[in-house]
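What follows is each chain in one-letter form.
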Amino acid sequence: EICNSLNLGVVGIFDKAKGQDLAINAMPKILKIFPNAKLNIWGDKEGGFKRVIHKLVKSLNLDNSVVFHGFEKNSNQYKDMDILLMCSRCEGFGRVTVEAMQRGIPVIGLNTGGTSELVKDGFNGYLFNSIQEIPSKLSLLLESKEHYNHIRRNAYTESRSMYSVTQYCKSVEDFICQIYSL
C-alpha cells in the first residue's frame, strides 16, 4: 500500500450536477479496499442538495470518513489531496481538474463532458463510467508507488504544457485570427 491514509478530494459547489453524491456513495466500497481513506469535500451552497448529501453521509455511517470543509478561497484544498474524484455529471472545461493536475494530483473522473477530454485513462488519470468502477480505478492507480508517481508526473507535465497561461493566450489569439480570416 502506498500510504497509511488516502486523502480523496471533491471540489465544487453543492449541486447534483457536480456529483458529490456519487463520491459519497462510492465510499463504502472504497473503504473495503482502503480502510483509512478519507473523502474531503470542498465547496458549499445552501439548499436542498446540501441537506441530501449530509443525510447520505449519515445514512451510510460515513461520519468518520467524509469531511466537509466548506468553501476555500485560496486553492488550499489541494494541499493534502492525494487524488481528485471528479464526479461531475456534465462538466464543461474542467478548471478544477486542470488545477489538480497542475499540482501533480491524479484525477479519477466520470467519463463525460470536459473531464473525458482532459483525463486520458491510464496515462494522466483514470476514467469511470459508474460509481462501481471507482474502487477498481483507485486500485489501478495505487498498484505501486512507481505507477502512482508516473501518473502524477504525466498529469503535471501535460496540464502544464497544454493549459499554461501562455498556451491559453496563444489559443485565444489563434481563434481570433481564424475568425477574422473567415
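The text that follows walks through the structure, step by step, so that each part is easy to find. (Residues numbered from 1 in each chain as written. Predicted model: local features only at pLDDT ≥ 70, side-chain atom pairs only at ≥ 80, totals over all residues. Heavy atoms only, no water.)

When the charged atoms of two side chains with opposite charge come close together, those side chains can pair. For the coordinates displayed, the defined rule picks out 12 salt bridges. One salt bridge in this structure joins Asp 63 and Lys 58, with 3.3 Å as the shortest N-O distance. The salt bridge partner of Asp 80 is Lys 79, with a shortest N-O separation of 3.7 Å. Residue classification places Asp 80 among the exposed residues on the basis of a relative accessible area of 51%. Among the charged side chains, a network of salt bridges with common partners joins Lys 16, Asp 21 and Arg 89. (Salt bridge = Lys/Arg side-chain N within 4 Å of Asp/Glu carboxyl O. Buried < 20%, exposed > 50% of the residue type's maximum accessible area, 1.4 Å probe, protein only.)

With parallel pairing, six strands are arranged side by side in an open sheet as S3-S2-S1-S4-S5-S6. Two strands bound the open sheet, and with one partner strand each, they are strand S3 (66–70) and strand S6 (125–128). When strand polarity is set aside, the average angle formed by the axes of neighbouring strands in this sheet is 20 degrees. This element, helix H5 (residues 134–141), spans strand S1 (6–11), strand S4 (83–86), strand S5 (107–110) and S6 of the sheet and lies at about 165 degrees to S6. (Pairing = 2+ DSSP bridges. Helix = DSSP H or I, 4+ residues; strand = E, 2+ residues; numbered from the N terminus. Axes fitted to C-alpha atoms, helices over the stretch in contact; angles between N-to-C directions. Contact = heavy atoms within 4.5 Å.)

Relative to the helices and strands, Gln 20 resides in helix H1 (residues 20–33). If near-sequence neighbours (up to four positions away) are discounted, Gln 20 is found in contact with Val 10, Gly 12, Ile 13, Phe 14, Asp 15, Ile 41, Phe 49 and Ile 53.

All right, on to the nonpolar core then. Leu 8, Met 27, Ile 30, Leu 39, Ile 83, Leu 85 and Leu 138 are the most contacted members of the largest nonpolar core, which has 34 residues in total. Sort the elements by how many residues they give to this core and H1 lands first, with seven residues. Here Leu 39 is in contact with Leu 8, Val 10, Ala 23, Ile 24, Met 27, Ser 65, Val 66, Val 67 and Leu 85, once residues within four sequence places are set aside. Listed in part, the 14 residues of the second largest apolar core include Tyr 78, Met 86, Ala 100 and Ala 155. (Core = buried A, V, L, I, M, F, W, Y, C linked by side-chain atoms within 4.5 Å.)

Moving on to unusual backbone geometry. In this structure, Asn 61 takes a positive phi of about 55 degrees despite not being glycine. Tracing the backbone through its elements, the reader meets Asn 61 in the loop between helix H2 (48–59) and S3. On the accessibility criterion, Asn 61 (65% relative accessible area) is exposed.

Attention now moves to the side chain of His 147. Assignment of secondary structure puts His 147 in helix H6 (residues 145–162). Not counting residues within four places of it along the chain, the set of residues in contact with His 147 comprises Tyr 126, Leu 140 and Leu 141.

The next point concerns the pairing of strand S2 (residues 37–42). Every other side chain in a regular strand lies on the same face of the sheet, so the side chains alternate between the two faces. Burial within S2 is extensive, with five of its six residues counted as buried. In this structure, S1 lies alongside S2, joined through six bridges in parallel fashion. Across the sheet, the residue bridging to Leu 6 is Ala 37, located in S2. Since S1 and S2 lie parallel, the crossover through H1 that links them has a hand, and here it is right-handed. Both S2 and S3 contribute to a ladder of four bridges, which runs parallel. Paired with Ile 41 across the bridge in S3 is Phe 68. (Right-handed = clockwise from strand over helix to strand, strands pointing away.)

Next up on the list: the environment of Pro 28. If you trace the backbone, Pro 28 turns up in helix H1. On the basis of relative accessible area, Pro 28 is assigned to the partly exposed category, the value being 28%. Through-space distance from the C-alpha of Pro 28 to that of Asn 61 is 9.0 Å; in sequence the pair is 33 residues apart.

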